[in-house]
Amino acid sequence: MKLPMMIAIAAAIALPSAASAHTSRAELRRDVRDVHQERHDVRRAERSGNEARIHAERRELRGARRELREDERAFRRQHRRHR
């Protein structure tokens, strides 16, 4: 393969991930809303008494919390002020 072709392929692979690397306030709001909804779903599952459903909803809540935590860290890292 020629060098310009390899550079073009590397750029095509790297650009979509670089473009989506920025975490916005809107994304954080969506993550907070997702966590809130998952908490609501866990409470509904607990009232239903279905153990499998409770387990599944708690797993989804953990995933939503993890996503929020990762995005909060990324947001702070990307938007910190330098003095």
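What this report covers is the structure whose coordinates are included nearby. On a predicted model such as this, the values are computed, not experimentally measured, just so you know. (Residues numbered from 1 in each chain as written. Predicted model: local features only at pLDDT ≥ 70, side-chain atom pairs only at ≥ 80, totals over all residues. Heavy atoms only, no water.)

One finds Val35, Val42, Leu61, Ala64 and Leu68 forming the largest nonpolar core, which totals 5 residues. For this core, the secondary-structure elements that each account for two or more residues are α2 (25-48) and α3 (51-79). Per-element tally for this core: the top contributor is α3, with 3 residues. Not counting the four nearest positions on each side in its chain, Leu68 is found in contact with Leu28, Asp31, Val32 and Val35. (Core = buried A, V, L, I, M, F, W, Y, C linked by side-chain atoms within 4.5 Å. Buried < 20%, exposed > 50% of the residue type's maximum accessible area, 1.4 Å probe, protein only. Helix = DSSP H or I, 4+ residues; strand = E, 2+ residues; numbered from the N terminus. Contact = heavy atoms within 4.5 Å.)

On to a positive patch on the surface. The grouping of Arg39, Arg59, Arg62, Arg65, Arg66, Arg69 and Arg73 at the surface amounts to a positive patch. In terms of residues, the positive patch owes the most to one element, α3, which gives 6 residues. Examined against the element boundaries, Arg73 turns out to sit in helix α3. (Patch = residues over 30% accessible without salt bridge, like charges linked within 9 Å, V, L, I, M, F, W, Y side chains within 5 Å. Areas by Shrake-Rupley, 256 points an atom, 1.4 Å probe, with all protein chains shown as cover. Salt bridge = Lys/Arg side-chain N within 4 Å of Asp/Glu carboxyl O. Lys, Arg positive; Asp, Glu negative; His and termini not counted. Charge placed at Lys NZ, Arg CZ, Asp CG, Glu CD.)

So, about the side chain of Thr23. In this fold, Thr23 is placed in the loop between α1 (3-19) and α2. Assessed through its relative accessible area of 4%, Thr23 is described here as buried.

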